[in-house]
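Each chain, letter by letter, is given below.
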Amino acid sequence: MNILIFGATGSIGIQSINVVRKLGHKIVGCSFHSNISQMQKIIKSLKYDIDVFSSKVTALNTVKTIDQLFEKTKPDLVINAISGFAGLEITLKTILNKIDLALANKESYVLAGWKIKEIAKAQGVNIFPIDSEHCAIYDLMKNKRINKLLLTASGGPFYNKEIHELNNVSFYEAKNHPNWKMGYKISIDSATLMNKCFEMIEAYYMFNIKNIEAIYHPQSIVHSMIEFSDNSVHAQMSIADMKLAIELAISKFKSKVPIIEKLSFEKLNLSFDYIDENKWLPIKWAKYIIKNDDRVLPVIINAANDAAIELFKNKKIKFNQIIPIISLAINDFSNQKINNIKDIFILNSIIKQYILSKF
Ligand code: NAD
Ligand code: MG
């Protein structure tokens, strides 16, 4: 299979390259943002020529546009491992080009899940989830009637702390996830539980189910569960290693090559709990969005969150201001309307600028 990877230099991108090579597929092209030295390393490690594109730095480019990258490489599968809003364009281009997609970029579904489903259906393409919770649910899907999706949440680094204890946490502490080594954006989202909010919306659009609960599970061994109509619960378990999800998505959930270490049951303690939605507002927002099919709120919270993380990274605000800033944006913009993809891009930049100029 010929595979084109977007966001090749990131955490998921690099692990994807490893998995693609182990499975014996061919990487035909890569996109990256600005990490030239990492991209050079990748090019060197492959024993054949690939096409490369970045819209930020042009030194390694073999094509001039994303469209040319698609045309020249003619991939059978695209891996979208770009972080944040920029991933949406790649998801749309991939399915419009009738190419199957292995999707790590959860923001695509958060921002435009309704449109992505519509296009994927019309084009007859498959979207395979790399996000570990969704990958687990996809893997568990059976013919029994599903009652509820149970997305596990590690809670990030601060779950058991009181909000007032988090006033002075640094960017470094906030991005230091206890179980997963990930890019900084998703790591901060784990600490605020915005990541779980995004994943609940992602799961709604991906699986067409409104009954979704986030369950606190600090060990990150159970990647998600399905409650069936007979009240039996099926869980997918493994060590916390994204290579499993990447391998399942690339092999379209058919291949079962062992790509990760076995789970050791010695002293394995698993615990679970319900999440207090009054303490963790992002869970409340996700439920509201799912219940009301709200198309505007996901764009607002995503944009305000992006801006707040940038402000926190640049030490302009404290960690504890991220969620109040998102609340402020919800308050100021929830009367807006989203009718098409263009509206998403416009509202996103208006809100980002609004928040960035305010602090
Ligand atoms: P990362 O920050 O390590 O890598 C991001 C990649 O995206 C880089 O290759 C970068 O070059 C590219 N990129 C960033 N901004 C871009 C832009 N404006 N235009 C083009 N390319 C750009 O992030 P990551 O942790 O690998 O996460 C990637 C995606 O996968 C995110 O959507 C994240 O939520 C999702 N995800 C990650 C993990 C994980 O374990 N890391 C798990 C589940 C889901
Ligand atoms: Mg996840």
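For the structure, see preceding data.
Along each chain, residues carry numbers from 1 onward, in the same order as the chain's sequence is written. To read the labels, note that chains go from A and ligands from 1, taken in the order they are written. In view of the model being predicted, local features appear only for residues whose pLDDT reaches at least 70, and side-chain atom pairs are presented and counted only at 80 or more, with totals across whole chains, interfaces and linings using the full set of residues. Only hydrogens and water are set aside; all other atoms, that is, all heavy atoms of the structure, feed into the side-chain values.

## Description of the nonpolar core
Selection criterion: Put simply, a nonpolar core is a bunch of buried Ala, Val, Leu, Ile, Met, Phe, Trp, Tyr and Cys residues held in one set by side-chain atoms that sit within 4.5 Å of each other. For the exposure calls, accessible area comes from a 1.4 Å probe over protein chains only, and a residue counts as buried if that area is under 20% of its type's maximum, exposed if over 50%, partly exposed in between. Domain delimitation follows an automatic or database domain assignment.
Core analysis: the largest hydrophobic core is formed by 93 residues, its most contacted members being Leu149, Ile301 and Ile344. Here this core gathers at least three residues from each of two domains, domain 1 (2-129) and domain 2 (133-240 + 264-294). By size, the runner-up hydrophobic cluster in this structure holds 35 residues, among which are Val52, Leu77, Ala245 and Ile259.

## Here we look at the packing of aromatic side chains
For clarity, the cut-off: By convention, a stacked pair of Phe, Tyr or Trp rings (six-membered ring in the case of Trp) has centres within 6.5 Å and planes under 30 degrees apart, an edge-to-face pair has planes over 60 apart, and any other such pair is tilted. Only DSSP runs of H or I with at least four residues qualify as helices, and only runs of E with at least two residues qualify as strands; both kinds are numbered from the N terminus onward. Criterion for a charge above a ring: Arg CZ or Lys NZ at most 6 Å from the ring centre, at most 35 degrees from the ring normal.
With the rule as written, the count across this model stands at 13 aromatic pairs. Between Tyr138 and Phe253, the aromatic rings sit 4.2 Å apart at their centres with planes inclined by 25°, giving stacked as the arrangement. Here the residue Tyr138 occupies a position in helix H6 (residues 132-140), and Phe253 occupies one in the loop between helix H10 (242-250) and strand E11 (273-274), the gap between them amounting to 115 residues. Under the relative-accessibility criterion, Tyr138 is labelled partly exposed at 28%. Taking relative accessible area as the criterion, Phe253 reaches 12% and is therefore assigned buried. Both rings, one in Tyr159 and one in Trp280, keep their centres 5.6 Å apart while their planes meet at 5°; by these two values the pair is stacked. Here Tyr159, found in the loop between strand E7 (146-153) and helix H7 (171-174), pairs with Trp280, found in the loop between E11 and helix H11 (281-292); they are 121 residues apart in sequence, far enough to count as distant. Just as Tyr159 is buried, Trp280 falls in that class too. Here Lys26 stacks its cationic end above the ring of Tyr48, 5.1 Å away from the centre of that ring.

## Remarks on a nonpolar patch on the surface
Filter applied, for reference: Like charges within 9 Å and nonpolar side chains (Val, Leu, Ile, Met, Phe, Trp, Tyr) within 5 Å are joined into patches, using only residues over 30% in relative accessible area that form no salt bridge. All accessible-area figures derive from a Shrake-Rupley calculation using a 1.4 Å probe, and residue coverage is judged against the displayed protein chains alone. A pair is scored as a salt bridge if a Lys or Arg side-chain nitrogen falls within 4 Å of a carboxyl oxygen belonging to Asp or Glu.
Taken together, Met237, Phe265, Leu270 and Phe272 make up a surface patch of nonpolar side chains, about 380 Å² in accessible area. Residue position: Met237 is located in strand E10 (residues 233-237). Judged by its relative accessible area of 38%, Met237 falls in the partly exposed class.

## Considerations on the site of ligand 1
Under the convention used in this document: Neighbouring residues are identified by heavy atoms, a residue being near a molecule or strand if any of them is within 4 Å of it. Whenever two N or O atoms come within 3.5 Å, that pair is a polar contact, provided that in protein one can donate a hydrogen and the other can accept it, and provided that, for residues adjacent in sequence, both atoms are side-chain atoms.
Taken together, the neighbourhood of ligand 1 is formed by 21 residues, with Ser11, Ile12, His33, Glu107 and Gly183 sitting nearest. The contact in question runs from an oxygen atom of ligand 1 to an N or O atom on the backbone of Gly7, over 3.1 Å. The backbone of Ala104 places a nitrogen or oxygen atom 3.4 Å from an oxygen atom of ligand 1. In isolation ligand 1 offers 820 Å² of accessible surface; the protein chains occlude 84% of this area.

## Some thoughts on the coordination of the magnesium ion (ligand 2)
Put simply, the test is: Counted as donors are N, O and S atoms no farther than 2.8 Å from the metal, or 3.2 Å for Na, K and Ca; water is not among the atoms, and sites may therefore look incomplete.
The protein atoms donating to the magnesium ion (ligand 2) are Asp131 (OD), Glu133 (OE) and Glu199 (OE), with metal-donor distances spanning 2.1 to 2.2 Å. Motif for the magnesium ion (ligand 2), donor spacing along one chain: D-x1-E-x65-E. Here Glu199 lies in helix H9 (residues 194-207) and Asp131 lies in the loop between strand E6 (127-129) and H6, a separation of 68 residues in the sequence.

## Topic: the sheet that holds strand E2 (residues 26-31)
Test applied: At least two DSSP bridges between two strands are required for those strands to pair. Structural elements are reduced to axes, namely lines fitted to C-alpha atoms, with helices fitted over the stretch in contact, and the angle between N-to-C directions of any two is expressed from 0 to 180 degrees. We call two residues contacting when some pair of their heavy atoms lies within 4.5 Å.
Taken in spatial order, the 6 strands line up as E3-E2-E1-E4-E5-E6 in an open sheet, and their pairing is parallel. The sheet is open, and its two edges are formed by strand E3 (51-53) and E6, each paired on a single side. Across the sheet, the axes of successive neighbouring strands diverge by a mean angle of 20°, strand direction being ignored. Bridging between E2 and E3 involves 3 bridges; their strand directions are parallel. Looking at E3, one finds that Gly29 is bridged to Asp51. Running over the sheet, helix H5 (residues 106-123) touches strand E4 (77-80), strand E5 (100-103) and E6 and is turned about 145° from E6. The sheet contacts of H10 involve strand E1 (2-6), E4, E5 and E6, and relative to E6 the element is tilted by about 160°.

## Re the environment of Leu270
Mapped onto the elements, Leu270 comes out in the loop between H10 and E11. With relative accessibility at 32%, the residue Leu270 sits in the partly exposed group. Separated by 50 residues in the primary sequence, Leu270 and Ser220 place their C-alpha atoms 8.8 Å from one another. In contact with Leu270, not counting residues within four places along its chain, are His217, Gln219, Ile221, Val222 and Met237.

## Notes on helix H2 (residues 36-45)
Threshold: The directions from the helix axis to the C-beta atoms are what the arc is built from.
When H2 is considered as a whole, its buried residues turn out to be Gln38, Met39 and Ile42. Projection of H2 onto a plane perpendicular to its axis shows the buried side chains occupying an angular sector of 100°, all on one side. Opposite the buried face of H2, at more than 90 degrees from it, the exposed residues are Lys41 and Lys44. Buried residues in H2 make contact with helix H1 (11-22), E2 and E3.

## Description of the layout of surface pockets
Our working definition: In the cavity and pocket records, a cavity denotes points on a 1 Å grid over the protein atoms alone where a 1.4 Å probe fits but cannot get out, a pocket denotes an open set with protein on both sides within 12 Å along at least 5 of 7 lines, and lining residues are residues with an atom within 4 Å of a point. Grid points are joined across faces, edges and corners, and a volume is the space filled by probe spheres set on the points. Amino acid classes used here: Ala, Val, Leu, Ile, Met, Phe, Trp, Tyr, Cys and Pro are nonpolar; Asp, Glu, Lys and Arg are charged; the rest, including Gly, are polar.
Here the second largest pocket defines a volume of roughly 310 Å³. What lines the second largest pocket is a set of 17 residues, and nearest its centre among them are Leu244, Lys256, Val257, Pro258 and Ile260. Listing elements by their share of the lining of the second largest pocket, those giving two or more residues are E10 and H10. In terms of residues, the lining of the second largest pocket owes the most to one element, H10, which gives 3 residues. For the lining of the second largest pocket, the per-class residue count stands at 9 nonpolar, 3 polar and 5 charged.

## Concerning unusual backbone geometry
Peptide bonds are trans in most cases, and residues, glycine excluded, mostly fall at negative phi. Its identity as a non-glycine residue notwithstanding, Lys74 has a phi of 40°, on the positive side. Take Lys74: it is sitting in the loop between helix H3 (66-73) and E4.

## A short note on the pattern of salt bridges
For the structure on display, the rule yields 17 salt bridges. The salt bridge involving Lys252 is made with Asp100; its shortest N-O contact spans 3.0 Å. With Lys252 in the loop between H10 and E11 and Asp100 in strand E5, this pair connects stretches of sequence that are 152 residues apart. Given a relative accessible area of 26%, Lys252 falls into the partly exposed group. For Asp100, a relative accessible area of 13% corresponds to the buried category. The salt bridge involving Lys185 is made with Asp306; its shortest N-O contact spans 3.9 Å. A residue pair is termed long-range when its members are at least 10 positions apart, and Lys185 in helix H8 (residues 184-192) and Asp306 in helix H12 (residues 296-313) qualify at 121 residues. Take Lys185 and Asp306: they sit in the same class, and that class is buried.

On their own, these measurements won't tell you what the molecule is for.
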